[in-house]
Amino acid sequence: MDSESVQFQQAQLCAILGPDPIPFETLVSHLMATGNEQRSQAETLFNLCKQNHPDELSLKLAHLLQFSTHVELRAMSAILLRKQLTCDDSYIWPRLSPVTQSTLKSILLDCVQREDAKTIWKKLCDTVSELASGILPDNGWPELLPFIFQCVSSDSPRLQESALLMLAQLSQYIGDILIPHISTIHSVLLQCLASSCNLDVRIAALGAAINYIQCLSSPSDCDRFQDLSPAMMQTLTEALNRGQEKNAQEALELLIELAGTEPRFLRRQLMDVVGSMLQIAEADSLEEGTRHLAIEFVITLAEAREQAPGMIRKLPQFISRLFVILMKMLLDIEDDPAWHNANTEDEDAGETSNYNVGQECLDRLSISLGGNTIVPVASELFPVYLSAPEWQKHHAALITLSQIAEGCSKVMIKNLEQVVTMVLNSFQDPHPRVRWAAINAIGQLSTDLGPELQVQYHQRVLPTLAAAMDDFQNPRVQQGEYMRHDPEEEKMNGVPHICSMGHDPEEEKMNAVMMCMHDVERGSHLFIQCIAARTNWFFLGIAGLMRLLPNDMLGREELQDLVAVISSGTFGGLVKYLIPLAHAASAVLNFSENCSPDILTAYLDGIVSKLLVLLQNGKQMVQEGALTALASVADSSQEHFQKYYDTVMPYLKAILVNATDKSNRMLRAKSMECISLVGMAVGKEKFRNDAKQVMEVLMSLQGSQMETDDPTRSYMLQAWARLCKCLGQDFLPYMSVVMPPLLQSAQLKPDVTIMSADSDDDIDVSDDESIETITLGDKRIGIKTSVLEEKATACNMLCCYADELKEGFYPWIDQVAPTLVPLLKFYFHDEVRRAAVSAMPDLLRSAKLAVEKGQAQGRNESYIKQLSDYIIPALVEALHKEPETEICASMLDALTECVQISGQLLDESQVRSIVDEIKQVIIASSTRKRERAERAKAEDFDAEEGEILKEENEQEEEVFDQVGECLGTLIKIFKASFLPFFDELSSLITPMWGKDKTAEERRIAICIFDDVAEQCREAAVKYYDTFLPFLLEACNDEIPDVRQAAAYGIGVCSEFGGSVFKPLVGEALSRLNFVIRHPNALHSDNVMAYDNAVSALGKICQFHRDRIDAAQVVLAWLSCLPIKGDLIEAKVVHDQLCSMVERSDEDLFGPSNQYLPKIVAVFTEVLCAGKDLATEQTAGRMINLLRQLQQTLPPSTLALAWSSLQPQQQLALQSILS
């Protein structure tokens, strides 16, 4: 800025802050201007005043607030003062002189008393509360609380309301400061709630009471306010009785907040409170908004599980009543003609706010209360609704079923027959919206009740979905529209016909028919469909097509079929080959996602042929649904899809190339998804040639300018990653094209708007449905979720490339690591953090492999060390702050992998930080488990809550499991040098052995000690006195996994324990015998424990034979062989057997080679199992030993050994030895 401009600016500031009020008033009015330039200039001047003249600015604002005759200027000055006096980045209070501070406090309180305009004095209350929250804790405003209590006790309703608003906000900000005044606050709140005639005062008192109750940590303090509860509810009743629904809605919103944070406060009046809310919800005379809030209160109470588990379930009569209300809301739906057009934008046509609220609340209610509570209620209502004459009731029953499936899945799976029958019967309903709802229900149930639904009912569900195609007049349920007859229009829709693509139409048609001969089995439905689709039959007519077909190409039935198709003039003639459009395709998608290839294969001919027909349909919504379903079918069927590849891929490529119109963006995007999933399903060799063409198209699109809302971008990111997975290292040449936009998407900043919760301005969501708003405290936050989703997709794709390309990803590590590492603490979106976490070991592994294989451009191990030093501390720090238990487990898993890759490159300080964080993880996890145990003691706790707690504790066990893996890895790397850290951890690990702990905790504790004993050997002997008694005791544990870990540990201790273990050999044998002689020892649940006990027994035979009855114990060991469950231990044990035979162990062979037949039988069984039960080296030694035995043993002895084998084994052994 030049000197002249500076002088002019200074002159402006002097005028603004001078004695004349007009320049300052002008500045404030310009801050409210709609013109950007004028407002921007005013903001610059205002910020300069704040920076350089805070005292003068604050006093000017206060003066304007106090004396301006313009309401809008007073309101704006209150807002500006609040912003300057709030404890955030613009906080100027500490910079003000004591005189200015004192003056401001006096003016603010004076204005509260004098201001008449409600909008302004409410803003004043906000300003006072914001300032007080920063200075009251340090006794910086001793006059305030007496002032508030004086106002609330006055005769002025306006002053009472002002005081209560300030009290409410102070309770929210600095409630602990108000706790010493509990008696005074209780009495003034009770007085205002019970006695005031002014409804605004009572609403304000309700807000203050609720906020204050929330800041009370002591249950006894909360109990002191129980006598307010009737008056609080009476405030709501009074507002409704006076017809003041706006006030009633405000009261309901406050009570919803109480239900969510302090539900136990409502327990004593629960029946009255919930009964009143349901009465409001049932009152048709009230506004929808009021009734919806009453429902929200009850749902919120049901969802407040952590504070009051099971409380609402104790009121079954109210649950039934609420369920009836919600199902009735689903009846508020109109049969809008637009819905039948099957356009994407009309898919919600006819739905009302009642309908949408009912849907959402049924979902939330079922998740919060569970199937044992909800299913009996629903089961009573469904038959009533389905037998009623109104289509709306049939529709409501099916929508309800879809909505409750997620929360009730465990109970519904036990009643699948009734559920499936109910839905499939509705496929025959005369109303298309009911049939649509039935298809919707199948799709939802396929997700929520899978894979049980698919396994048990595929033979009923898939044919019923196919039969739904008879619905010609309702394209949203089936295909109702004739095929378009304009090839140019078809081309614009992205599905060009064969005749429009070749140079010679007649030749092209003939080629198409001939291709069908190669692509598809003759006589199949798919064969007929291919001829029809590929030859553009509706242009040719019967005679034209017959000219193209050799006389003997079709059989009589096939010819009749094809003539019927052509004669119809529409795809209606192919009715028996179609599946329902759009929604039916979605249902196929959902169903196939949980289908195993074995189940799906039997239906593939029909499904694929019908989906191809849908791709020829003129409705874009139908084509999109078909593409998504086809992608899912390919993904689920995997290599079984190769049969259809040559038929399907030309259609997909045609859409990709030709669907270029803006209206077809989603169609093209879905074709990318489908092509990439089909490619992954059939594999690189089959896909290779088409992949090159597809990637050329994608590269062209990548270089084009796309609009911000174009779905192509997100779909393309995912398609590139799938192509990479399919092609592996062959994908590397395309990385230079893929990575720049991918990094750009991964680096997107969250689009967040933060406003005051009580601001009169709304966050603008008009142009973007992806903006979600949430209220946190006094702030309303708008988040653009589409940005977050794109970022999450990009991060997942980066992770995918690093994982797939290994050392080939090396050139991008230096850009990707600084992008992803900070995202370990990206709390706006869980999926972003998950992706970043998963990528950490992949990046390290890529770098290490590149260095080891000489592909790191001359970099050496120091580069790996540098990357490790960047990633591992960041992971540890993120783990410390991670709020989600599931992601904590993932972080520990990633940390373990990173430690494994880095190995000895880790220095002591890094190991120290990891161990310290593991301590914190164990402590935090134990604390959460204790809190859950406390919840289990709540008076409302029930079996349903017990199931939920069990699931939460299982997540916690995954954390412990990962702790064990991480410590085990550190022990393996650092061996005895890690023992000082182990000593620190012992106080946290030892309690995990206790019988009061879960089986998983006991197993993990044992495994940690097993690792210490195995890796630290002699150095770990000092721990035997402490841990071996636990180990021996654990052999008797009822849980097989615990027995397995204990038996393995005994084997390790017997191998490395030397003289320290010898006194315990007898006890060890007894304990191992218990595991081996278990009645169901060889059952799949127990076999791992059995195998480890046998292995431990063998080690005692090897290392402590002097302390056992060798002949008896060795024979017992031999009689258990071979072991086949634990393939790792099997190789160890069978190698030991081999060694004992090689040295002609007398105890093993027995008197006169008595046990030789058993040895030969074991060898034979091991060898017949291939590489499973023995290493290649051990198997070679066994074969040599058997040959030696053939040559050295007497024929009679050999004959006896051979005769003990089964005939099949004898043949196998002869083959091996020959």
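Now for a quick tour of the structure. Every value quoted in this text rests on a predicted model; they were computed, and no experiment measured them.

**Overview of the nonpolar core**
Consideration 1: In this structure, Phe 731, Tyr 801, Phe 809 and Phe 978 are the most contacted members of the largest nonpolar core, which totals 402 residues.
Consideration 2: Not counting residues within four places of it along the chain, the set of residues in contact with Phe 809 comprises Met 735, Met 739, Leu 798, Tyr 801, Ala 802, Val 816, Leu 843 and Ser 846.

**Describing unusual backbone geometry**
Consideration 1: Cis rather than trans, the peptide bond between Gly 450 and Pro 451 has omega equal to 0°.
Consideration 2: Position of Pro 451 among the secondary structure elements: in the loop between α23 (432-448) and α24 (452-467).
Consideration 3: Following Leu 1121, the chain continues to Pro 1122 via a peptide bond in cis, the omega torsion being -5°.
Consideration 4: You can see Pro 1122 is positioned in the loop between α53 (1110-1119) and α54 (1127-1142).
Consideration 5: Of note, the phi angle at Lys 975 is positive, near 50°, even though the residue is not glycine.

**Thoughts on the packing of aromatic side chains**
Consideration 1: Within this structure, the stated rule accounts for 18 aromatic pairs.
Consideration 2: Ring geometry for Phe 826 versus Phe 828: centroids 5.6 Å apart, planes at 55°, classification tilted.
Consideration 3: Note on Phe 826: relative accessible area 9%, which makes it buried.
Consideration 4: Connected via pairs of aromatic rings, a cluster forms that spans Phe 982, Trp 993, Phe 1009, Tyr 1023, Tyr 1024, Phe 1027 and Phe 1030.
Consideration 5: If you follow Lys 791 out to its NZ or CZ, it ends over the ring of Phe 826, 5.2 Å from the centre.

**So, the pattern of salt bridges**
Consideration 1: A complete count under the given rule lists 64 salt bridges for this structure.
Consideration 2: Across the pair Lys 972 and Asp 1011 runs a salt bridge, and its minimum N-O distance is 3.5 Å. Taken together, the positions of Lys 972 in helix α45 (residues 943-974) and Asp 1011 in helix α47 (residues 999-1016) put the pair 39 residues apart, joining distant regions of the chain.
Consideration 3: The partly exposed category is assigned to Lys 972, whose relative accessible area is 42%.
Consideration 4: A relative accessible area of 13% places Asp 1011 in the buried class.
Consideration 5: The partner of Glu 1055 in a salt bridge is Lys 1099, and the shortest N-O contact between them spans 3.5 Å. Residue Glu 1055 is found in helix α49 (residues 1040-1056), and its partner Lys 1099 is found in helix α52 (residues 1087-1103); the two are separated by 44 residues along the sequence.
Consideration 6: For Glu 1055, a relative accessible area of 29% puts it in the partly exposed group.
Consideration 7: Connected through shared salt-bridge partners, Glu 296, Glu 303, Glu 360 and Arg 364 make up one network.

**Topic: the packing of α54 against helix α56 (residues 1156-1168)**
Consideration 1: One can describe the packing of α54 onto α56 by two numbers: an axis separation of 12 Å at closest approach and a directional angle of 140°. The orientation of α54 with respect to α56, classified from their angle, is oblique. Between α54 and α56 the crossing geometry is left-handed. Contact with α54, carried on its side by His 1134, Leu 1137, Cys 1138 and Val 1141, involves Ile 1159, Val 1162, Phe 1163 and Val 1166 of α56 and no other residues of that element.
Consideration 2: For the contact of α54 with α56, the residue count by class is seven nonpolar, one polar and no charged.

**Details of helix α57 (residues 1176-1192)**
Consideration 1: Over its 17 residues, α57 runs 24 Å from end to end, which matches the ideal 24 Å to within 8%, given 1.5 Å per residue.
Consideration 2: Within α57 the residues assigned to the buried category are Thr 1178, Ala 1179, Arg 1181, Met 1182, Ile 1183, Leu 1185, Leu 1186 and Leu 1189.
Consideration 3: On its buried face, α57 is in contact with α54, α56, α58 (1195-1203) and α59 (1207-1217).

Here is what the cut-offs are and how they apply
- Every chain is numbered independently, its residues counted from 1 as its sequence is written.
- Reporting of local features is limited, given that this is a predicted model, to residues whose pLDDT is at least 70; pairs of side-chain atoms are given and counted only at 80 or more, and all residues count toward the totals for whole chains, interfaces and linings.
- Excluded from the side-chain calculation are hydrogens and water; included are all heavy atoms of the structure.
- We define the nonpolar core as a collection of buried residues of types Ala, Val, Leu, Ile, Met, Phe, Trp, Tyr and Cys that are connected through side-chain atoms lying within 4.5 Å of one another.
- Each residue's exposure class comes from its accessible area (1.4 Å probe, protein chains only) as a fraction of the maximum for that residue type: buried when under 20%, exposed when over 50%, partly exposed otherwise.
- Any pair of residues with heavy atoms lying within 4.5 Å of one another is described as a contacting pair.
- Each helix is a run of DSSP H or I of at least 4 residues and each strand a run of E of at least 2, with the numbering of both proceeding from the N terminus.
- In summary, the pairing rule links any two rings of Phe, Tyr or Trp, Trp by its six-membered ring, whose centres are within 6.5 Å, and it sorts them by plane angle into stacked for under 30 degrees, edge-to-face for over 60 and tilted for everything else.
- Charge over a ring is defined by NZ of Lys or CZ of Arg lying within 6 Å of the ring centre and within 35 degrees of the ring normal.
- Salt bridges are defined by distance alone: a side-chain nitrogen of Lys or Arg within 4 Å of a carboxyl oxygen of Asp or Glu.
- Note on definitions: angles span 0 to 180 degrees between N-to-C directions of axes, and those axes are lines fitted to C-alpha atoms, for helices only across the stretch in contact.
- Convention used here: angles under 35 degrees read as roughly parallel, angles over 145 as roughly antiparallel, angles from 65 to 115 as roughly perpendicular, and any remaining angle as oblique.
- Helix crossings fall into two classes, left-handed where the near helix is turned counterclockwise from the far one by less than a right angle and right-handed where it is turned clockwise.
- Gly falls in the polar group here, along with every residue not listed as nonpolar (Ala, Val, Leu, Ile, Met, Phe, Trp, Tyr, Cys, Pro) or charged (Asp, Glu, Lys, Arg).
- In this analysis, the expected span of each helix is defined as 1.5 Å times one less than the number of residues it contains.

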